[in-house]
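Summary of structural features
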Amino acid sequence: MRIGITCYPSHGGSGVVATELGKLLAEKGHDIHFITYDMPFRLGRFHQNIRYHGVEAHRYAVFKYPPYDLALASRMAQVAKEYQLDLLHVHYAVPHAIAAVLAKQMVGDHLKVVTTLHGTDITVLGEDPSLRDVICFGIKHSDAVTAVSDDLARQTRELFCVNTDCVNKEIERIYNFVDLRVYYPRGVEHLREQYSDTGEKLLLHISNFRPVKRPLDVIAVFHRIASEIPARLLLVGEGPEMPKVIQQVQELGLEEKVVFLGKQDEVAQLISLADLLLLPSEKESFGLVALEAMACGVPTIASTAGGIPEVVTHGQTGFLAQVGAIEEMAQYALMLLRDETMYQAFSEAGLDRVKQEFCGLKIAGQYEALYQRLLSR
Ligand code: GMT
């Protein structure tokens, strides 16, 4: 198949999933065309069967805002015509699904549009009255819509498909995945001494430090843990809550115990270093980082928000507590860190679960089957 893929190319789970999917599909022999404003950061080395088409939105004196969405639609249509694309697979409703629907109108009905919803396009933007109707339009006019968890599919139906003209739109759940050739327990014991003293447990949080990730809860949970056992916390990523995080670390006197690593591209090694991942989010349609941790043999202590319970099995591959339940999360973490037998069982159960449910080839196969169904209609 000849497939156009559009995603946000910057750091973030949706861009990672879109790029890794493109790479897997290219390996399986499909022609993949990324149509984005920047090279997706995970694209990496040269891949046979993958091309990149940049999108430029120019500034003109008459426009207050550069018309990026229109430039994207126009570029999608150009690429679709030039390379005879069968379909456009877009990640995120806004503006990608809307641009793809517009491109389809320019190219013709044979060009199919698949929209994958990743979360904030529904759970945050869906509640914004200035965008609600256009999101609904994108969903309604896509040939197929997928969501990365059952919870997100349910929320989308509730927000957009009840009492609107999207009523009977089917939303297929296709889980996110990891490439098991990249995410596996790396032998990085020798690196531990760079980050921790002997005997210290290493906790890890990776996010974009937006308020929905509740990074202050991460610090509070860690504070409780560190008051009981020797421990250190690695923080990976940057974002708007970072100044508050730094302040809280100072107020709690944790400067020696918290390591700020900033944005990192290759996280498989870092994850493998950790004993536990903390993910206390308020909203999380899936929680890709918990899956990446599971693939590296690292259990997660998380909230029950959104799709997290579909990824982390409570009591088997990690522990879950209500959003904001700091003490409970800390107690779960301590229980796992103090019980080596339980820890090993959780780590192994996670590795099995990733292979069974979330391996790249399985999920890529589900997308391929969806594409085939659309193209044979
Ligand atoms: O989590 C973020 O803020 C980034 C966002 C994105 O666009 O990449 O993540 C969303 O998509 C990921 C990939 O499907 C999911 O793993 C995240 O749970 C989801 N984020 C939210 O729902 C807040």
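Residues numbered from 1 in each chain as written. Predicted model: local features only at pLDDT ≥ 70, side-chain atom pairs only at ≥ 80, totals over all residues.

Looking up the chain in an unreviewed UniProt entry gives the name N-acetyl-alpha-D-glucosaminyl L-malate synthase BshA, with the organism given as Laceyella putida.

1. Some remarks on the site of the ligand
Close to the ligand lie 20 residues, the nearest being Gly12, Gly13, Ser14, Gly119 and Ser285. Where the shell around the ligand is concerned, the elements lending two or more residues are helix 1 (13-27) and helix 4 (120-123). A per-element tally of the shell around the ligand places helix 1 first, with 3 residues. For the shell around the ligand, the two domains that each supply at least three residues are domain 1 (2-177 + 359-375) and domain 2 (189-357). (Near = placed C-beta within 6 Å. Helix = DSSP H or I, 4+ residues; strand = E, 2+ residues; numbered from the N terminus. Domains from an automatic or database assignment.)

2. A short note on the packing of helix 8 (residues 215-226) against helix 13 (residues 326-338)
Between helix 8 and helix 13, whose axes approach to 9 Å, the crossing angle comes to 50°. Looking at the two axes, helix 8 sits oblique to helix 13. As helix 8 runs across helix 13, the sense of the crossing is right-handed. Between helix 8, through Asp217, Ala220, Val221, Arg224 and Ile225, and helix 13, the contact on the second element is made entirely by Ile326, Glu327, Met329, Ala330, Ala333 and Leu334. (Axes fitted to C-alpha atoms, helices over the stretch in contact; angles between N-to-C directions. Parallel < 35°, antiparallel > 145°, perpendicular 65-115°, else oblique. Left-handed = near helix turned anticlockwise from the far one by under 90°. Contact = placed C-beta atoms within 7 Å.)

3. A few points about the sheet that holds strand 5 (residues 112-117)
The 7 strands lie next to each other as 3-2-1-4-5-6-7, forming an open sheet whose pairing is parallel. Strands with a single pairing partner mark the edges of an open sheet, and in this sheet they are strand 3 (50-54) and strand 7 (171-173). Averaged over neighbouring strand pairs, the angle between their axes works out to 25° when direction is ignored. With 4 bridges connecting them, strand 5 and strand 6 (residues 144-147) associate as parallel partners. Paired with threonine 116 across the two strands is threonine 146, which belongs to strand 6. Across the sheet, helix 6 (residues 150-161) lies against strand 5, strand 6 and strand 7, angled at about 165° from strand 7, the strand it touches most. (Pairing = 2+ DSSP bridges.)

4. Focus on the sheet that holds strand 11 (residues 276-279)
With parallel pairing, 6 strands are arranged side by side in an open sheet as 10-9-8-11-12-13. The strands lining the two open edges of the sheet, one partner per strand, are strand 10 (258-262) and strand 13 (318-321). The average undirected angle you get between the axes of adjacent strands in this sheet is 20°. Both strand 8 (residues 201-206) and strand 11 contribute to a ladder of 2 bridges, which runs parallel. Of the residues in strand 11, the one forming a bridge with leucine 204 is leucine 277. The strands touched by helix 11 (residues 288-295) within the sheet are strand 8, strand 11 and strand 12 (300-303), with strand 11 carrying the most contacts at an inclination of about 170°.

5. A look at the UniProt feature "domain: Glycosyl transferase family" (unreviewed entry) in the chain
As recorded in UniProt, the feature "domain: Glycosyl transferase family" (unreviewed entry) lies at residues 194-350. Taken end to end, residues 194-350 is 42% helix and 18% strand, and its two terminal C-alpha atoms sit 26 Å from one another. (UniProt positions renumbered as here; feature names shortened; annotations may be inferred.)

6. Details of the domain arrangement of the chain
Looking at the chain, the domain boundaries give domain 1 (2-177 + 359-375) and domain 2 (189-357). Between domain 1 and domain 2, the C-alpha centre-to-centre distance is 30 Å. Contacts between domain 1 and domain 2 engage 17 residues on the former and 14 residues on the latter. Taken together, the elements giving at least two residues each to the side of domain 1 that touches domain 2 come down to helix 1 and helix 6.

7. Here's the deal with helix 5 (residues 132-141)
Listing the buried residues of helix 5 in full gives Ile135, Gly138 and Ile139. The arc that holds every buried residue of helix 5, seen down its axis, measures 95°, which confines them to one face. On its buried face, helix 5 is in contact with helix 3 (93-107), strand 5, helix 4, strand 6 and helix 6. (Buried ≥ 20, exposed ≤ 12 C-beta atoms within 10 Å, placed from the backbone. Arc of directions from axis to C-beta.)

8. Comments concerning the confidence of the model for the chain
Per-residue pLDDT for the chain averages 94, and the proportion of residues at 70 or more is 98%. Across the assembled chains, the prediction reports ipTM 0.98 with pTM 0.95. (pLDDT = per-residue confidence, 0-100.)

9. Some points on the pairing of strand 8
When you tally the buried positions in strand 8, you get 5 out of 6 residues, the bulk of the element. Direction of pairing for strand 8 relative to strand 9 (residues 231-236): parallel, over a ladder of 6 bridges. Bridge pairing links isoleucine 206 to valine 236 in strand 9. The parallel pair strand 8 and strand 9, bridged by helix 8, forms a crossover whose chirality is right-handed. (Right-handed = clockwise from strand over helix to strand, strands pointing away.)

10. Let's talk about the packing of helix 1 against helix 15 (residues 360-375)
Two elements in contact, helix 1 and helix 15, have axes whose closest approach is 10 Å; the angle formed by their N-to-C orientations is 85°. Here helix 1 lies roughly perpendicular to helix 15, going by the angle between them. Together, Glu20, Leu21, Leu24 and Leu25 of helix 1 and Gly360, Ala364 and Tyr367 of helix 15 make up the contact between the two elements. Along the lines of polarity and charge, the residues of the contact of helix 1 with helix 15 split into 5 nonpolar, 1 polar and 1 charged. (Nonpolar A, V, L, I, M, F, W, Y, C, P; charged D, E, K, R; others polar.)

11. Section: unusual backbone geometry
Following valine 94, the chain continues to proline 95 via a peptide bond in cis, the omega torsion being -10°. Its place among the elements puts proline 95 in helix 3. At glutamine 84, a position not held by glycine, the phi torsion is positive, near 50°. Within the secondary structure layout, glutamine 84 lies in the loop between helix 2 (68-82) and strand 4 (87-91). Looking at glutamine 84, the number of C-beta atoms within 10 Å reads 12, which means it is exposed. In the Ramachandran plot, tyrosine 92 falls in the positive-phi region, its phi being about 100° despite a non-glycine side chain. Structurally, tyrosine 92 is set in the loop between strand 4 and helix 3.

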